[in-house]
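# Structural characterization, general
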Amino acid sequence: MKKLAIALVAAMSTYAMAENANHPSWSDTLMKAKGQTVYWNAWGGADNINDYIQWVADRVEDEYQVQLEHVKLTDTAHAVSRVLAEKVAGQNDNGSVDLIWINGENFRAMKEGGLLFGPFAETLPNYQTYVTASARQSLTQDFGTPVEGMESPWGMAQVVFMYDTATLYEPPKSMHALLDYAKQHPGRVTYPRPPQFLGSTFLKQALSELTDDPSKLQQPVASQDFDQITAPLWAFLDELHPVAWRSGTTFPGSSEEMMRLLDDQEIDIALSFDVSAASVQIAQGNLPDTVRTYVLDGGTIGNTHFVAIPFNSSAKEGAQVVANFLLSPEAQAYKQEPTVWGDLSVLDYHKLEPKDQARFDNIPKGIATLSLGELGTTLPEPHVSWMEALEQGWRERYAN
Amino acid sequence: MAGFIGVLLLAFTPFAVGMISILLPALGWQPLTNTWVDTQHVWLELWQQPELVNALLRTLVSGVVATLLALVCAYALVAKLSQTQFGHWLGAVAAPLLSIPHSAAAIGLAFLLAPSGWLFRLVSPWLTDWQRPPNLITIQDPYTLSLILALVLKEMPYLVFVMMAIARQDKIRQLLTTSQQLGYPPLITWGKLLPTLFYRELRLPIFIVLSFNLTVVDVAQILGPDTPPTFAVLLLHWFQDPAIDRIPIASAGALLLLALVAAVSIGWELCARSLLSYLKNLTLTGSRQQPLLEWGLRFAYLLSLLLLALAFLALLVLPIWGFAQRWRFPDLWPQSWSFDTFWRIQQPLLELTANTFMLGVTSVMLALLASLLLLEVSRILTRYTSLIMILFYLPLVLPQIGFLFGIHISLIVIELHHPFWTTAYLHWLYVLPYVLLTLKGPYLAFNQNYLDEAIRLRPHPLRNYLGIKLAMLKPALFTATAIGFAVSVAQYLPTLIGGEGRLSTLTTEAVAQAVAGDRKRVGLVAMTQALLPLLAFLLAALLPRIWTPLRLRLKYPHA
């Protein structure tokens, strides 16, 4: 029996060594990463996030001698199309994008197009130590697309609504209430223009609430009766648009624009995917301090956002070092501070060491930020195929 | 001669390559998979895009109306003012005015015209009773009115600049004097007689304006409608769509836009001809009164003054936002001022300014070099002068969006990974025609005898060329530099594509943040963007005057 055990252990260790030969060890990765320049293509529309990325750049340069350059995008799709164009041109190394902030539709496009390097996420030391993949569906299913280690989690987001308590006493906490409010106050309600991701999310949020059987949304759209399921959504929007902001002829381009409009009092309710957006904007003098956050009674949609490495990056090691640093308790806790960014951590609190747990416990909560309890139920993202179908339906009805 | 052919190749290869790179996908080539689909299929799919018809319609309306309005307003302004002191002054400031990047002006305009904008604050709440911004569609309106306004503001100074030069010609002045002696009021002469003369020389500038207005991306993103946007913006969305299969229809769309520009230009020319022949018939009647024409010109003149005032306000509002701390509707002025935003963004602002400056200087220096070469060739081979000019005008008439995306793919094919140099090259393509045009007159008018005489006295052709000819052309060279620099600063799409997203300038940053970004930050970036070319013009006006005294003092400090 003992012999058998020894043989087993021996076999296991040879197996482990073979593994190591295939997967270069982390110290090798660190070594190769030294001196590399990582061009991180990340949406650059919010100053606080840009500042956080700059902080990451300073930290990884100090600690790992990796140069991190933030390439600010107006739309992540631009970076996807750039990598695609490079693939088209046969440029299989030395690509211009080394790391990309991504999820959902863009991830699906890159994964299916063979534009990604990996799998790498599950081999990152901090992923192995601190992340529990089963904790949330969105860690392994990115809008219904299996993640399979092709992207590494960075943060979590949930749809929240914002309103100014000085002008609005009882915020509408369901889609029907929102429509009633819009009818009483024409021009004060709107949502971002799909296919902007928050705009598409609003469509999914409304659909989840209005359709008879939301569980159907978890199936690929092709297997479902799209027209029948979405009919209540279009009926709702048909009613909403005539009483919406600028009569539904234009829509805000982003959450930032909505908050600007909220500050201007052009509109009464703004949306964000960033649970602490209101607190951050109040601190920067961009919103009055009477603004508060709320979620809908039936819950709101939440998801995880990731970083991925293009197949032709010239700094794959450096990019992995950055991805790993992003998963460190230090980086995740700093990120969750509302005055820094307020983005929710992807780490498993119970896997943290006590001193790191304390770090998270001590994060101050902004005046307009909801606690995890107050955020309520997180609704799952519908299967990724719904997004395109909804956007197409929206285009045909309202974009022409 | 080798240099001449070299410049020619440098200037036209990108257009040829870019055009081929959109032609192939438009014929059904799917670049990702390197497969072919039916050409018919691509065009059918383009036709089925829900936004197509309305986007084209909005493009057509905004492009044509903006061109027409800019033309009429500029003409009225020149008609009223060209023979006055104010007119001379206006002619002098037209160049710096038109150097202000149009995206900066568009951003300022958005800050003015939005329901929460300055104009509405001006009348609220005391006049309108609006405690909150009204629910009005004043920007990004479906009728493209705000877009048209911005385009007119951009193009009017350019047309005024060109027309003032025409109005200074002797034959125009003589005609005005003669007809006045015959008892025709000046406005009648301007309305009936002069359009034909002007149009002959304005044709090319008008086509440039028309092509720009029909294909503009940056201004349309800031002030244009969004459901659907104008066709050029829609194309940009398609080219950048992560759903890869859009490339063929986007390419087909780019060709469609090219065809639209061509069709509109032809249609324009036909209308212009019949209108001018109508005016000619009107002239033959000999009538000295033409109230409709006169009032039309007067109205256009007032409109143009109003537009200039609006442009002034649009630029004024940028620094106000930049240095505001908190500024809510309906306050006319910020509640508090601060340098906070400035300190917060000084680092990126400095970086953006440095990038913008270096790109401008590099592309302008190269454009000056190329222009001198081209002009020297056309001085010797007089026959080819007009051919060269027309060839190098092409980049201005061709819509950017089509061939630039083609260039994007071809750049990667040749693995050119120098965002700075690629962008500087693309800027050079657009700077060159302006520099060439500015230098053409003075350079070809230069009395070559000076140089010949100097060479006889000192047999160093190159040194004499630099020390005599170029030194005498100094004012023109400085003006060309300033204009070229301004053109480079304003480039949006070439920077976006050439920089591969790694190179941001004041312009790309301002446009990216214009709609969604923090107004205080956008205000500062756009203000800096507007100041940079103005500074260049100031230097261009000052330097030639103090250059020689300064040089002499440095050379002979004790004289």
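Here the residue numbering is sequential within each chain, running from 1 through the sequence in written order. Starting at A for chains and at 1 for ligands, labels are handed out in the order in which the entities are written. Thresholds applied to this predicted model are a pLDDT of at least 70 for local features of residues and 80 or more for the giving and counting of side-chain atom pairs; totals over whole chains, interfaces and linings are not thresholded and use all residues. Based on all heavy atoms of the structure, the side-chain values leave hydrogens and waters out of the count.

Before going further, it helps to examine the overall build of chain B. Strands are runs of DSSP state E lasting at least 2 residues, helices are runs of H or I lasting at least 4, and numbering of each runs from the N terminus. Helices and strands together make up the secondary structure of chain B, namely 23 helices and four strands. As defined in this context, the radius of gyration uses C-alpha atoms, and a globule is described by 2.2 Å times the residue total to the power 0.38. Taken against the 2.2 N^0.38 rule, which gives 24 Å for 559 residues, the C-alpha radius of gyration of chain B at 25 Å falls within 12% of a compact globule. Note on exposure labels: buried denotes an accessible area under 20% of the residue type's maximum, exposed denotes more than 50%, and partly exposed covers the range between, all computed with a 1.4 Å probe on protein chains only. Burial analysis of chain B (559 residues in total) assigns 55% to the buried set. Residues count as neighbours in contact if any of their non-hydrogen atoms are within 4.5 Å of one another. For chain B, restricting intrachain contacts to residue pairs at least 6 apart in sequence, the fraction spanning at least 24 positions comes to 79%.

Further remarks concern the overall build of chain A. Across its full length, chain A holds 15 helices and 11 strands. Against the 2.2 N^0.38 benchmark of 21 Å for 400 residues, chain A shows a C-alpha radius of gyration of 22 Å, consistent with a compact globule. With the C-alpha coordinates aligned to their principal axes, the bounding extent of chain A is approximately 75 × 50 × 45 Å. Counting across all 400 residues of chain A, residues that qualify as buried make up 61%.

With that settled, consider a nonpolar patch on the surface. Residues and elements named next belong to chain B. Patches draw on residues past 30% relative accessible area with no salt bridge. Two like charges within 9 Å are joined, as are two nonpolar side chains (Val, Leu, Ile, Met, Phe, Trp, Tyr) within 5 Å. Every accessible area reported is derived by Shrake-Rupley at a probe size of 1.4 Å, with residue values counting cover from the shown protein chains alone. The salt bridge definition used is simple: a Lys or Arg side-chain nitrogen within 4 Å of an Asp or Glu carboxyl oxygen. Side chains of I20, L23, L24, L27 and W36 sit close together on the surface and give an oily, nonpolar patch of about 480 Å² of accessible area. Ranked by the residues each element gives to the nonpolar patch, the list is headed by helix α1 (residues 2-26), at three residues. You can see W36 is positioned in strand β2 (residues 35-36).

Once that is clear, we can look at the nonpolar core. Residues and elements named next belong to chain B. By convention a nonpolar core is built from buried Ala, Val, Leu, Ile, Met, Phe, Trp, Tyr and Cys residues, the set being connected through side-chain atoms within 4.5 Å. If you look at the biggest cluster of nonpolar residues, it comprises 168 residues, and the most contacted ones within it are I107, L109, M163, W190, F198, F231 and L439. It is helix α7 (residues 145-167) that contributes the most residues to this core, 15 residues altogether. Excluding residues that lie within four positions of it along the chain, L109 makes contacts with L149, A150, L153, L223, L310 and A314.

Quick look at unusual backbone geometry now. Of note, the bond from T227(B) into P228(B) is cis; its omega dihedral lies within 30 degrees of zero at -5°. Here P228(B) shows up in the loop between α10 (218-223) and α11 (231-239). A cis amide bond links F329(B) with the next residue in sequence, P330(B), at an omega value of 0°. Tracing the sequence through the fold places P330(B) in the loop between β3 (324-326) and β4 (336-337). Its identity as a non-glycine residue notwithstanding, R246(A) has a phi of 50°, on the positive side. Position of R246(A) relative to the elements: it lies in the loop between α9 (226-240) and α10 (255-263). Since its relative accessible area comes to 3%, R246(A) is described here as buried. Although it is not a glycine, T144(B) adopts a positive phi angle of roughly 60°.

This paragraph deals with the domain arrangement of chain A. Residues and elements named next belong to chain A. Domain assignment breaks chain A into domain 1 (2-156 + 304-369) and domain 2 (158-302 + 379-398). Residue-level contacts link 21 residues of domain 1 with 23 residues of domain 2. Two parts lose some accessible area (1.4 Å probe) when they are put together, and adding that loss for both gives the buried area. Summed over both sides, the interface between domain 1 and domain 2 buries roughly 1800 Å², with carbon and sulfur atoms accounting for 57% of that surface. Looking at the side of domain 1 facing domain 2, the largest losses of area belong to F143, I367 and A368, adding up to 34% of the total buried there. Our enumeration of links across domain 1 and domain 2 arrives at one salt bridge. The residue R108 makes a salt bridge to E388 at a minimum N-O spacing of 3.0 Å. Any pair of N or O atoms that falls within 3.5 Å is considered a polar contact. Within protein, one atom must be able to donate a hydrogen and the other to accept it, and sequence-neighbouring residues count only if both atoms are side-chain atoms. Linking domain 1 to domain 2 there are seven residue pairs in polar contact (both at pLDDT 80 or more). An automatic or database domain assignment is the source of the domain bounds shown.

Turning our attention to the sheet that holds strand β7 (residues 160-164) of chain A. Residue and element names in this part refer to chain A. Two strands qualify as a pair provided that DSSP identifies no fewer than 2 bridges between them. Within the open sheet, the three strands sit side by side as β8-β7-β9. Their pairing is antiparallel. Of all strands in the sheet, those with a lone pairing partner are β8 (269-272) and β9 (291-294), marking the two edges. Taken over all neighbouring pairs, the strand axes of this sheet differ in orientation by 30° on average, direction set aside. Pairing of β7 with β8 involves four bridges; the strand directions are antiparallel. Bridging across to β8, V160 finds its partner in S272. Fitted lines through C-alpha atoms give the axes, limited to the stretch in contact for helices. The angle between two N-to-C directions lies from 0 to 180 degrees.

A covalent bond bridging the sulfur atoms of two cysteines is what the word disulfide describes. Residues and elements named next belong to chain B. Note on disulfides: each one is a pair of cysteine sulfur atoms within 2.5 Å. In this structure the tally under the stated criterion is zero disulfides over all chains. Sulfur of C73: no disulfide; nearest cysteine sulfur belongs to C271 and is 19 Å away. Overall, the relative accessible area of 54% leaves C271 in the exposed class.

Next up on the list: the pattern of salt bridges. Residues and elements named next belong to chain B. Under the definition given, this model contains 28 salt bridges over all chains. A salt bridge links K154 to E155; its shortest N-O distance comes to 3.6 Å. Classification of K154 by relative accessible area gives partly exposed; the value is 24%. Residue classification places E155 among the buried residues on the basis of a relative accessible area of 3%. The salt bridge partner of R298 is E294, with a shortest N-O separation of 3.6 Å. In this pair, R298 and E294 both sit in helix α13 (residues 291-322), four residues apart, roughly one turn of the helix. Classification of R298 by relative accessible area gives partly exposed; the value is 29%.

Residue and element names in this part refer to chain A. Two elements in contact, helix α7 (residues 175-184) and helix α8 (residues 197-210), have axes whose closest approach is 9 Å; the angle formed by their N-to-C orientations is 115°. When the axes of α7 and α8 are compared, the pair comes out roughly perpendicular. Seen from α7, the contacting residues are M175, H176 and L178; seen from α8, they are F202, Q205, A206, E209 and L210. Working rule for angles: under 35 degrees goes down as roughly parallel, over 145 as roughly antiparallel, 65 to 115 as roughly perpendicular, anything else as oblique.

Residue and element names in this part refer to chain A. The geometry of α8 relative to helix α15 (residues 384-398) is characterised by a closest axis approach of 10 Å and an angle of 100° between their N-to-C directions. Relative to α15, the element α8 lies roughly perpendicular. Touching S200, L203, K204 and L207 of α8 are W386, M387, L390, E391 and W394, all from α15.

Listed per partner, the contact involves 59 residues of chain A and 54 residues of chain B. Interface area, chain A with chain B, both sides summed: about 5000 Å², of which 47% is carbon and sulfur. The largest share of the area that chain A buries against chain B comes from R246(A), R260(A) and R395(A), three residues that together contribute 14% of it. On the surface where chain A and chain B come into contact, there are seven salt bridges. Note that R328(B) is salt-bridged to D263(A), the shortest N-O span being 3.3 Å. Where chain A meets chain B, there are 15 residue pairs in polar contact (both at pLDDT 80 or more). Mapped by element, the contributors of at least two residues to the side of chain A that touches chain B are α4 (76-88), α5 (104-112), α10 and α15 of chain A. Per element, the largest residue contribution to the side of chain A that touches chain B is 10 residues, and it comes from α4(A). When grouped by side-chain class, the residues that make up the side of chain A that touches chain B number 21 nonpolar, 21 polar and 17 charged. Gly counts as polar in this scheme, as do all residues outside two lists: the nonpolar Ala, Val, Leu, Ile, Met, Phe, Trp, Tyr, Cys and Pro, and the charged Asp, Glu, Lys and Arg.

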